[in-house]
Amino acid sequence: MRGYFAIGAEGISKPMNLGNLMRSAHAFGASFFFTVDAHKRILSAPKSDTSNSTEHLPLFHWPSIDQMDLPQDCKLVGVELTEDAIDLPSFGHPARAAYVLGPEQGSLSPEMVARCSHTIRIPTRFCINVAMAGAIVMYDRYRVLGQFAPRPVRSGAPTEAREASRKTRRDIRPSRLPG
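Residues numbered from 1 in each chain as written. Predicted model: local features only at pLDDT ≥ 70, side-chain atom pairs only at ≥ 80, totals over all residues. Heavy atoms only, no water.

1. Observations concerning the overall build of the protein chain
As a reminder of what qualifies: For helices the rule is a DSSP run of H or I covering at least 4 residues; for strands it is a run of E covering at least 2, with both sets numbered from the N terminus onward. Accessible area is worked out with a 1.4 Å probe on protein chains only. A residue is then buried under 20% of its type maximum, exposed over 50%, and partly exposed in between. By the convention used here, residues are in contact when the closest approach between their heavy atoms is within 4.5 Å.
A tally of regular secondary structure across the protein chain gives three helices and seven strands. Secondary structure of the protein chain in N-to-C order comes out as β-α-β-β-β-β-β-α-β-α. Residues counted as buried form 43% of the 179 residues belonging to the protein chain. In the protein chain, once contacts between residues fewer than 6 apart in sequence are set aside, the share between residues at least 24 apart is 78%.

This is the structure we're talking about:
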């Protein structure tokens, strides 16, 4: 898979959600994880991050949107349940992307939405847990860009093998991390 991705949250305040999201980011091969305007009590890796993701990928805490320092040509993609957002199953993921989710009991700030190149939505009837939403977005990216065999028309396994030259997620590294 070409490119890289990061995932983060704006205004996150619950340590359990942050830890679960960080663990999922590590499992799906994120290049880095970030928070923007996070509650001060969660500026260290929570106990729910059982994979110790900060030992394997950089964690950036930006106090404000103005201080975000994404890599060059990285597209910021907001994840928000709004009418004008692109439904996730119809979204073409950028090769270099940073996905940002909103706080647990709120939405992305208007300033964050304005900074996003795209806004996507998971087509659910109502909002879901921030860590679960992040995992769904990362799974979709991996499924779409991961060079898997096409899904069969009928139930069961695909009839075609996946591409033999597929690289593992840990082979993909960003050219420049924020710093």
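Now, onward.
2. Things to note about the nonpolar core
Heads up, the rule is: What makes a nonpolar core is a set of buried Ala, Val, Leu, Ile, Met, Phe, Trp, Tyr and Cys residues whose side-chain atoms join them at distances within 4.5 Å.
By size, the foremost hydrophobic cluster in this structure holds 27 residues, and its most contacted members are I7, F33, Y99 and I120. The set of elements that each furnish at least two residues to this core consists of β1 (4-10), α1 (15-27), β4 (75-79), β6 (96-101) and α3 (130-145). Counting residues per element, this core draws most heavily on α3, at five residues. The residues contacting F33, other than those within four sequence positions of it, are I7, G8, L18, L21, M22, A25, L57, P58, L59 and F60. With 17 residues, the next largest nonpolar core counts A6, I65, M68 and M112 among its residues.

3. Brief notes about the sheet that holds strand β2 (residues 32-36)
The criterion, for reference: One requirement defines pairing of two strands: DSSP has to find at least two bridges between them. Lines fitted to C-alpha atoms define the axes here, with helix axes fitted over just the stretch in contact, and angles between the N-to-C directions of these axes take values from 0 to 180 degrees.
Read across the open sheet, the seven strands follow the order β3-β2-β1-β6-β4-β7-β5; overall the sheet is parallel. The open sheet has two free edges, formed respectively by β3 (59-62) and β5 (86-87), since each of these has just one partner strand. Relative to β6, β4 is paired through five bridges, and the arrangement is parallel. For L76, the partnering residue across the bridge sits in β6 and is A98. α1 contacts β1, β2, β3 and β6 of the sheet and is inclined by roughly 155 degrees relative to β2. Where α3 meets the sheet, its contacts fall on β1, β4, β6 and β7 (118-121), and the angle it forms with β6 comes to roughly 160 degrees.

4. Re the pairing of β6
A large share of β6 lies buried, amounting to five of its six residues. The pairing of β1 with β6 spans six bridges and is classified as parallel. Within the sheet, the bridge partner assigned to G8 lies in β6 and is V100.

5. Remarks on the packing of aromatic side chains
Condition: Only centres within 6.5 Å qualify two rings of Phe, Tyr or Trp (six-membered ring in Trp) as a pair; their planes then separate them into stacked at under 30 degrees, edge-to-face at over 60, and tilted for everything else.
Applying the stated criterion across every chain yields a total of seven aromatic pairs. Ring centres of F32 and F60 lie 5.6 Å apart, and the angle between their planes is 85 degrees; this geometry places the pair in the edge-to-face category. A residue pair is termed long-range when its members are at least 10 positions apart, and F32 in strand β2 and F60 in strand β3 qualify at 28 residues. Given a relative accessible area of 17%, F60 falls into the buried group. Among the aromatic side chains, those forming a connected cluster through ring pairs are F32, F34, F60 and W62.

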